[in-house]
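# Residue-level structure breakdown
Each chain, written out:
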Amino acid sequence: MAGGGGDLVVHRFPQSKAVDSVRWLPAVSAFDRFVAAAVHDPDSGSSALEVHALELIQQGEESDALDLLPRDSWSSASRISALRCSNVPAEPLTVALSTFAGSLHFLFVDPVEGTIESELSPVAGERWLHSGPISAVDLQPEGRECVSVGQDGRVNLVSVAEGSMEHRRVHDARGLVSYTAVRWGSSVEFATGGLAFGLQWWDQRKPGGPVSHLKGDSFQGMASGIVHSIDVHPSRKHICLAGGSSGAVFAWDLRWQKQPVLLSGAGLGQQRQSPCESEVWEIQYDSLIQTGFSSTPSAKILPVMICSEDGVLAVLEQGKDPIELLAEPCAVNAFDIDGRNPSDVVCSLEWEAIALLMRPRDSSAF
Amino acid sequence: MPGRPSDPGDALVPFSSQVHDPVVYSVRHGLKPPIFRVYVAWSRGNLLHVACLRERTPSESGEDDDSRHPEAQAGGVVVEVQLQGGANGEISEAQQRRIAYGSVPAFALLQSRRNALMAASRMQFSSFRTEWRQYVLEYSSQIADLLGKRKPPETVIDDPKMFVEPLEEETTLKAAWDLVEIFYADNDSKAFLPENLVDWLADYDGLLSATEPTVHSKLVALQRKLVDLQVVEDDPDYWEGIALGLAVGWLDIVVKLLRLHGSYQPDQLDDRETENGLVEAVAVLVSTMPRLRPNLPAGRLGQCYKTRQDFIKAWEKWQGHVNKLDYSAFWVQCGHRQTSEGLRNLLRIMLGQLGSLNGSTYHWMELYVSHFLYVQPFTMGLEGMYSLAQKCIQLKPAPTYSGLTGILLGVLGENTEVVLAECSNIFGPWMVVHAIELLTSENKQAEMLLHEERYNLGGISIEELHRLVYAQVLSSHSLTWQIAPTYLASCQKQGLGLLEKLLYMQPVQHYLVLLKDLEICRLYELENISLSVMKIAGVHHWKHGRKGFGIYWLQQARDEIRLNKIAQQLFDCIGKSISDDSFKQWEGLIELLGSEVGSAGGLEFLHKYRDFKKSLHNVQEGATVTAARQSMQSLVQLMKSPSTPQRFWLPLLHDSVKLLNWRERPLLTVSETNLLLNKLQELSIARLRPDFADTELAPEALSSVRLALATNLGRAILEDC
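Residues numbered from 1 in each chain as written. Chains lettered and ligands numbered in written order. Predicted model: local features only at pLDDT ≥ 70, side-chain atom pairs only at ≥ 80, totals over all residues. Heavy atoms only, no water.

### Things to note about the interface of chain B and chain A
A common way to state how big an interface is: give the accessible area lost once the parts meet. With 38 residues of chain B in contact, the opposing surface of chain A contributes 37 residues. Summing the contributions of chain B and of chain A, the shared interface buries around 3400 Å²; its carbon and sulfur component is 56%. Where chain B meets chain A, there are four salt bridges. Measuring nitrogen to oxygen at the nearest pair gives 2.9 Å for the salt bridge that ties Lys516 of chain B to Glu309 of chain A. Summed over the shared surface of chain B and chain A, the number is 12 residue pairs in polar contact (both at pLDDT 80 or more). Where the side of chain B that touches chain A is concerned, the elements lending two or more residues are α2 (93–121), α23 (511–523), α25 (547–556) and α28 (587–593) of chain B. (Contact = heavy atoms within 4.5 Å. Buried area = accessible area lost by both parts, 1.4 Å probe. Salt bridge = Lys/Arg side-chain N within 4 Å of Asp/Glu carboxyl O. Polar contact = N/O pair within 3.5 Å; in protein donor to acceptor, adjacent residues only side chain to side chain. Helix = DSSP H or I, 4+ residues; strand = E, 2+ residues; numbered from the N terminus.)

Right, dumping it as structure tokens:
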């Protein structure tokens with residue numbers, strides 16, 4: 001496939017509606033690759049989840065062009081606020097999405113055809129999980145259990161079994177606290193993030209509230225902000241990585257709770273240039289660059305990819321200068337690294353477009 | 001708003017006064033007639049709010065009726081009506097937005113380059129002319145790329161019968177932009193204006209008229225016909241097609257068509273040798289026609305001459321060859337009548353005979369271009385070009401009005417107002433705003449006209465007016481409002497005010513939109529706006545029960561007044577006394593308030609209270625004197641603080657009775673005890689007031705506290721002694 005060696009290749013696919021979020025669907029074969037996108041059209045007031053197939057189009061002898069072809073779509077009554085896919089290839093694939101109206105839906109996608117086979121939605125009349133928008137959801141890798149958080153301060157667990165949803169309220173802060181990000185750490189633990197750069201670690205075995213807190217005011221000389229995205233690496237479960245306002249990206253080590261490590265942001269000082277100064281909308285560990293993975297001391301933060309409001313898609317590594325992959329004139333609202341081919345990144349741009357980046361496989365080329 | 005629809009003559013921004021067919025929108029209100037009143041109001045963008053109200057008839061006001069028809073109870077309904085996009089049906093709305101997005105970087109870059117040049121040259125702009133020209137040309141080509149990229153001309157399969165490409169993605173908008181670019185941006189092309197117009201017509205001839213025939217439409221029809229035609233040279237359409245192509249200078253098509261002539265067939269070559277020789281001679285003459293231009297794109301025919309002298313020499317020589325062929329004796333030997341007539345017509349066109357040119361063109365633009373090719377191939381001034389255009393229009397008056405030719409006439413007549421009005425009329429504000437950059441780049445007169453501040457426009461220039469209008473259009477759509485600031489920032493007089501208004505008016509319901517809004521405030525250093533927006537958001541979230549979010553935004557806005565107000569309401573929620581269990585849920589909120597007490601306003605009580613409770617808890621677990629002393633200190637702090645509500649005084653004191661009666665030594669000094677006693681006294685007086693909210697503590701609580709304080713006072717006095 002194009003981009004196997006050499007330079008970074010960027011494809012842009014205009015969409016003619018706002019793209020709020022994009023995710024790779026885990027690929028069963030190398031030929032069927034699908035991207036799920038949450039779209040919104042303000043002119044007609046309609047929202048939908050669209051499944052696009054990534055296809056190679058023969059164009060003469062030399063150049064092959066990639067195209068993103070719509071495969072299936074599911075229309076949502078309210079704008080989609082968060083989107084997650086299970087990341088283990090399975091039959092069918094589970095997609096969890098939440099809406100601004102506060103409902104949570106599961107879609108089951110055929111991994112070969114890319115069509116939406118069935119859906120699980122809240123039964124009409126039943127009280128919704130959240131009052132007001134759900135700000136974030138996260139799925140367990142196999143897609144059976146989902147955690148959702150909202151601005152209403154509720155934390156809910158929803159499990160999917162045999163065509164039905166069962167939900168359990170883990171916590172209800174009754175609006176006194178709002179949560180804006182969530183991420184599973186293990187099968188029983190998860191991390192949430194909220195206002196004033198606060199992070200919470202929850203353990204289902206210990207009910208009654210979060211197990212530990214990170215206070216947002218631990219940073220010196222940095223304006224307070226909101227956490228937008230969290231990631232926990234499967235091999236480093238004690239480190240909770242978060243990105244948020246003012247370009248802040250920080251790691252919270254549960255073993256040394258008092259001192260979060262700043263990777264980017266205004267508080268970084270003069271030592272290194274911060275790749276961005278505005279909202280960091282999403283962060284993910286970058287699994288492509290893993291130099292000497294086993295030999296790195298466990299306190300070192302693994303490389304992380306971020307996207308931001310000022311149009312930057314970059315990779316940060318502790319103690320190194322950031323590598324800028326994209327510098328768009330508009331915001332990059334979301335991105336996803338393909339689990340199978342970590343060199344491929346899909347991202348959604350503010351100006352109604354999806355961009356596909358294919359990085360050279362050999363990370364030493366950077 | 002600029003302009004009143006009732007009077008197109010007075011309008012500052014020209015709008016089309018042509019009456020289109022009315023569009024009927026049906027409003028599905030679902031109300032039972034009769035409708036009593038209808039209100040119509042603008043919403044965002046092209047959305048109308050239509051409120052339909054119905055009058056209650058006396059028969060319906062009875063309760064039985066209402067219960068039988070629950071839907072009849074609605075006294076009215078508000079319906080949203082989406083108006084369809086404007087007159088420009090050629091480009092979809094999504095495509096228009098794509099163009100709007102794409103032109104932002106080019107526009108912003110040009111503005112910043114202009115500012116940089118201005119600063120460097122200290123108002124002597126002329127010294128940077130060449131640099132500036134280069135920038136404008138770059139800008140223009142960026143925008144042109146956006147409007148549609150030209151396809152590579154070569155096709156893989158070379159079909160001899162395919163010679164003209166149907167119009168696919170060419171739009172009038174791109175045609176207009178190219179036209180403006182030729183005359184205003186591309187300075188190098190000024191010397192070769194006629195040839196540039198020939199090229200322009202080759203690209204966009206089919207757009208000149210949708211109803212009347214053009215050279216392009218005729219050639220497309222011929223191409224379709226040729227597929228089924230065996231002997232092409234017998235058909236008059238074949239010869240007409242060649243003449244049409246030649247008249248407008250599409251030499252490659254002419255040669256391609258000539259080579260389809262039957263005499264090239266191998267089996268006929270022997271019989272028609274002379275005929276074939278004549279066809280070939282004409283084809284060679286056509287393909288070697290001298291042209292006054294620096295170069296030709298691949299696949300186009302002709303010989304280029306850069307300088308006038310070389311060209312004139314070559315031109316005269318070529319005309320000589322054409323004349324020679326015209327007077328040749330071979331014509332008599334040519335057996336095929338249509339061929340000899342058709343070929344001699346081509347020669348007449350090449351010799352520039354007006355009758356043949358006139359007969360081989362449809363639209364006046366085509367005749368105009370044929371003049372440049374065969375009658376007056378040298379550059380003349382705009383004035384000469386304008387009078388020639390007028391002459392062509394007289395010869396071939398266009399039955400339907402075309403905006404493109406309107407723009408061309410405006411350009412030739414050096415009438416900037418006409419160019420702008422035509423651009424605005426046909427293509428709307430996007431075109432005007434972006435084309436102004438080209439119009440003013442070279443032309444001093446246009447620059448003065450567009451940059452002059454006008455009293456009747458409220459002190460702004462025409463350029464600024466159009467930018468403001470365009471920004472308004474952008475800000476009315478929820479997907480494009482974020483690019484409006486770029487244009488508003490380039491408006492010196494009223495841009496900032498409108499920008500503030502735009503940012504101020506954005507919806508605050510969702511924090512993601514709000515953060516995008518605040519980001520723009522940060523970029524343009526509009527701190528006061530971001531503070532007000534955060535205040536609005538804070539109150540909004542507070543009212544909708546998201547207390548944490550509300551407090552967060554108010555804290556960010558450093559709005560102490562509202563925080564104090566909110567604090568009172570919040571304490572009402574806490575209840576009359578704070579039990580340890582119910583206080584647990586407040587922990588998260590207190591975390592949010594952070595350690596900086598100053599920013600929390602009245603809410604700092606919560607913070608101090610939590611600290612007090614914690615230390616009290618510590619004392620109960622392991623009672624050291626320092627810990628006990630510390631918690632008494634926080635009690636005094638709490639009691640001193642004006643933000644501590646009065647109704648919490650007694651519970652606080654009651655909680656610490658155990659410490660007041662500390663066995664080893666008194667924990668409070670005399671003055672501290674006096675302070676607490678005073679507070680207790682104040683409380684006792686307040687209890688007499690009717691509006692006092694009593695606590696749920698036992699009635700003897702007050703006296704037990706008083707006793708403890710009194711004991712403590714006595715012990716403290718003794719200790720001091």
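Read on for the rest.
### What to know about unusual backbone geometry
Glu91 of chain A connects to Pro92 of chain A through a cis peptide bond whose omega is -10°. Looking at where Pro92 of chain A falls in the secondary structure, it is placed in the loop between β6 (80–85) and β7 (93–99). The backbone of Ala196 of chain A shows a phi angle near 55°, a positive value even though the residue is not glycine. Along the polypeptide, Ala196 of chain A turns up in the loop between β15 (189–194) and β16 (199–203). Under the relative-accessibility criterion, Ala196 of chain A is labelled buried at 12%. Positive phi, close to 55°, is recorded for Glu525 of chain B, a residue that is not glycine. With respect to the helices and strands, the residue Glu525 of chain B is situated in the loop between α23 and α24 (527–543). (Buried < 20%, exposed > 50% of the residue type's maximum accessible area, 1.4 Å probe, protein only.)

### A closer look at the side chain of His228 of chain A
Here His228 of chain A shows up in strand β18 (residues 227–233). Overall, the relative accessible area of 11% leaves His228 of chain A in the buried class. Of the polar contacts made by the side chain of His228 of chain A, one reaches the side chain of Glu279 of chain A; its length is 2.7 Å. With near-sequence residues (within four places) excluded, His228 of chain A lies in contact with Thr180, Ala181, Gly243, Gly244, Ser245, Glu279, Val280 and Trp281 of chain A together with Tyr511 and Leu515 of chain B.

### Things to note about the sheet that holds strand β22 (residues 280–285) of chain A
Residue and element names in this part refer to chain A. With antiparallel pairing, the four strands of this open sheet are ordered in space as β22-β23-β24-β25. The two strands at the open ends of the sheet, each matched to only one other strand, are β22 and β25 (323–327). For this sheet the average axis-to-axis angle between neighbouring strands, irrespective of direction, equals 15°. As paired elements, strand β24 (residues 312–316) and β25 share four bridges and run antiparallel to each other. In the strand pairing of β25, Val315 is matched with Ile323. (Pairing = 2+ DSSP bridges. Axes fitted to C-alpha atoms, helices over the stretch in contact; angles between N-to-C directions.)

### Some points on the nonpolar core
Residues Tyr368 and Trp553 of chain B are the most contacted members of the largest nonpolar core, which totals 172 residues. Ranked by residue count, the leading element in this core is helix α4 (residues 172–185) of chain B, at 10 residues. Not counting residues up to four positions away in its chain, the partners in contact with Tyr368 of chain B are Leu197, Met385, Tyr386, Leu388, Ala389, Cys392, Leu408 and Leu412 of chain B. With 55 residues, the next largest nonpolar core counts Trp202 of chain A together with Met639, Phe648 and Leu653 of chain B among its residues. (Core = buried A, V, L, I, M, F, W, Y, C linked by side-chain atoms within 4.5 Å.)

### What to know about the side chain of His105 of chain A
Residues and elements named next belong to chain A. Along the polypeptide, His105 turns up in strand β8 (residues 104–109). For His105, a relative accessible area of 10% gives the class buried. Polar contacts involving the side chain of His105 include one to the side chain of Ser121, which spans 2.7 Å. If near-sequence neighbours (up to four positions away) are discounted, His105 is found in contact with Trp74, Val95, Ala96, Leu97, Thr99, Leu120, Ser121 and Pro122.

### Considering the packing of aromatic side chains
Following the criterion strictly, the structure yields 18 aromatic pairs over all chains and no others. When the ring of Trp184 of chain A is compared with that of Phe190 of chain A, the centres are 5.5 Å apart and the planes differ by 80°; the resulting orientation is edge-to-face. Summarising the burial analysis for this pair, Trp184 of chain A and Phe190 of chain A share the class buried. When the centroid spacing of 6.2 Å and the interplanar angle of 25° are considered together, the rings of Phe549 of chain B and Trp553 of chain B count as stacked. With Phe549 of chain B and Trp553 of chain B both in helix α25, this residue pair falls four residues apart, about one helical turn. (Phe/Tyr/Trp six-rings, centres within 6.5 Å; stacked < 30°, edge-to-face > 60°.)

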